[in-house]
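So you can see what is in the structure, the chains are spelled out below.
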Amino acid sequence: MKKQSKWLMLVGLAGVLTLSACNSGSGSADNGNTENGSSAESIGKQVNHEIIGIDPGAGIMKATSKAIEEYGLSDWKLIEGSGAAMTATLAKDIKAKKPVIITGWTPHWMFSKYDLKYLEDPKKVYGEAEEIHTVARQGLKEDEPTAYEFLDRFEWTSDEMGEIMTAIEEGAKPEDAAKKWAEDHPDRVNEWIKDLKPVSGNKLKLSYVAWDSEIASTNLLQYILQEKLGYKVTALQVEAGPMWTGVANGDVDATAAAWLPLTHADYMDKYKDKVDDLGANMTGVKTGLVVPSYVDINSIEDLKK
Ligand code: PBE
């Protein structure tokens, strides 16, 4: 008993000392940088000024570098990795109840698995009203009208994609999850393939990046093209740059992973005269900086503190 209360006193004293040290620090060194008055460490210190990114070719990486510039976050670093490495870090930090900041996007299974929030982006660095487009090589329309018409019709919702993503996250193989979704939603599949004339074994190449959203969509397209329309499909998993280059130079027939108008604006600007944009296969998608809901900030501007 006695020992414990002594300890409490010491801890209390340390708290007071830390608090006063903080206060004197902010009074002298900060010029105009308002302190929020709490004794807690800034979010920057808590996460080592690191934003957990994904593969360097992703549009969200470019947008995040821009956010670092536009919001004046010069002491922050954007960590390169992959979608899988990012979700692994997220899982680990959530388990330890630690703060973490990631580059995130919707649709993604992480929003149904965890309680997460987007940081507000008052400068709109991550854009507004983003869509996922299907983009084909020039000439596909004439060469493979069946595949072209199907790809052109293909449009679905984030909830539908979420069903495949969640099944994969829970351990299903991507091709099995896609097959099951197609079997469970014959009406949807039939809308997309109605009256199309199947081919017999024509080859078709799709490109995509190993982002969870694109793994889901590409596996579904591959399944339908193969099982319902008679194609032999190769789905090339590449980086974002080669994904676009392949379609632009005709090595690849199509990709369903073009995030526009902002996320892949650079690629689109570069290749717009060489590709055939079939329009949105999903609307209302989003990218940004994401934190677990227990992290006590709401806006990208709060990262400055
Ligand atoms: N993403 C998912 C991609 C597009 C799809 C948001 C990570 C990107 O940033 O390029």
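Structure first, text after, so check above.
The shown structure was predicted, so the numbers you read here are calculated from the model rather than taken from an experiment. (Residues numbered from 1 in each chain as written. Predicted model: local features only at pLDDT ≥ 70, side-chain atom pairs only at ≥ 80, totals over all residues. Heavy atoms only, no water.)

## Concerning the overall build of the chain
Assigned secondary structure in the chain consists of 13 helices and nine strands. In the chain, which comprises 305 residues, the share counted as buried stands at 45%. Counting only carbon and sulfur atoms, one obtains 50% of the accessible surface of the chain, whose full area is about 15800 Å². (Helix = DSSP H or I, 4+ residues; strand = E, 2+ residues; numbered from the N terminus. Buried < 20%, exposed > 50% of the residue type's maximum accessible area, 1.4 Å probe, protein only. Areas by Shrake-Rupley, 256 points an atom, 1.4 Å probe, with all protein chains shown as cover.)

## Description of the environment of T255
With respect to the helices, strands and loops of the structure, T255 is situated in strand β8 (residues 254–260). Given the relative accessible area of 2%, T255 is considered buried. Sequence-wise, T255 and L236 are 19 residues apart; in three dimensions their C-alpha atoms are separated by 9.7 Å. Those residues within four positions of T255 in sequence are excluded, and the remaining contacts are H133, T134, V135, S207, Y208, M243 and V247. Side-chain polar atoms of T255 contact the backbone oxygen of S207, separated by 2.8 Å. A polar atom in the side chain of T255 sits 3.2 Å from the backbone nitrogen of A257. (Contact = heavy atoms within 4.5 Å. Polar contact = N/O pair within 3.5 Å; in protein donor to acceptor, adjacent residues only side chain to side chain.)

## Focus: the site of the ligand
All residues in the neighbourhood of the ligand are listed as I54, A58, G59, I60, W105, W211, E214, W259, T263, H264 and T287. Separating an oxygen atom of the ligand from a backbone N or O atom of G59 is a distance of 2.7 Å. Against a free-state accessible area of 280 Å², the protein chains account for coverage of 100% of the ligand. Here the ligand occupies the largest cavity. Each residue belonging to the shell around the ligand can be placed in one class, and the counts come to six nonpolar, four polar and one charged. Counting the residues that make up the shell around the ligand, at least three belong to each of domain 1 (42–128 + 289–304) and domain 2 (130–285). (Near = heavy atom within 4 Å. 1 Å grid on protein atoms, 1.4 Å probe; cavity = no way out; pocket = protein on both sides within 12 Å on 5 of 7 lines; lining within 4 Å. Sits in = over half its atoms within 2 Å of the grid points. Nonpolar A, V, L, I, M, F, W, Y, C, P; charged D, E, K, R; others polar. Domains from an automatic or database assignment.)

## Some details on the packing of aromatic side chains
Enumeration over the complete set of coordinates arrives at eight aromatic pairs. Both rings, one in F111 and one in Y118, keep their centres 5.3 Å apart while their planes meet at 20°; by these two values the pair is stacked. In this structure F111 comes out as partly exposed when scored by relative accessible area, which is 24%. Ring centres of F150 and F154 lie 6.3 Å apart, and the angle between their planes is 45°; on these two criteria the pair is classed as tilted. For the pair shown, F150 and F154 are each scored as buried. A connected cluster of aromatic rings, assembled from ring pairs, spans F150, F154, W156, W181 and W192. Across from the ring centre of Y118, 4.6 Å away, lies the NZ or CZ of K286, which sits over that ring. (Phe/Tyr/Trp six-rings, centres within 6.5 Å; stacked < 30°, edge-to-face > 60°. Lys NZ or Arg CZ within 6 Å of the ring centre and 35° of its normal.)

## Re the layout of surface pockets
In this structure, the second largest pocket occupies an estimated 230 Å³ of space. Lining the second largest pocket are 14 residues, with G59, K62, A63, L262 and T263 sitting closest to its centre. With four residues, helix α3 (residues 59–70) is the largest single contributor of residues to the lining of the second largest pocket. When grouped by side-chain class, the residues that make up the lining of the second largest pocket number seven nonpolar, four polar and three charged. Both domain 1 (42–128 + 289–304) and domain 2 (130–285) contribute no fewer than three residues apiece to the lining of the second largest pocket. (Points joined across faces, edges and corners; volume = space filled by probe spheres on them.)

## Points about the pattern of salt bridges
One side chain can pair with another of opposite charge once the charged atoms of both are near each other. Inspection of the entire model under this criterion finds 13 salt bridges. Here R137 ties to D253 by a salt bridge, and the two come within 2.7 Å at their closest N and O atoms. Taken together, the residues R137 in strand β5 (residues 130–137) and D253 in the loop between α12 (240–248) and β8 connect sequence positions 116 residues apart. Residue class for R137 comes out buried when judged on its relative accessible area of 14%. When its relative accessible area of 10% is taken as the criterion, D253 is described as buried. The salt bridge partner of K179 is E183, with a shortest N-O separation of 3.2 Å. With K179 and E183 both in helix α9 (residues 174–184) and four residues apart, the pair spans about one turn of that helix. Assessed through its relative accessible area of 48%, E183 is described here as partly exposed. Ionic contacts of the salt-bridge type, sharing partners, join the residues K92, D93 and K98 into one network. (Salt bridge = Lys/Arg side-chain N within 4 Å of Asp/Glu carboxyl O.)

## A few points about the side chain of S217
Mapped onto the elements of the fold, S217 is located in helix α11 (residues 212–227). Judged by relative accessible area, S217 falls into the buried class, the value being 1%. Beyond its immediate stretch of four places on either side in the chain, S217 contacts W156, M161 and A256.

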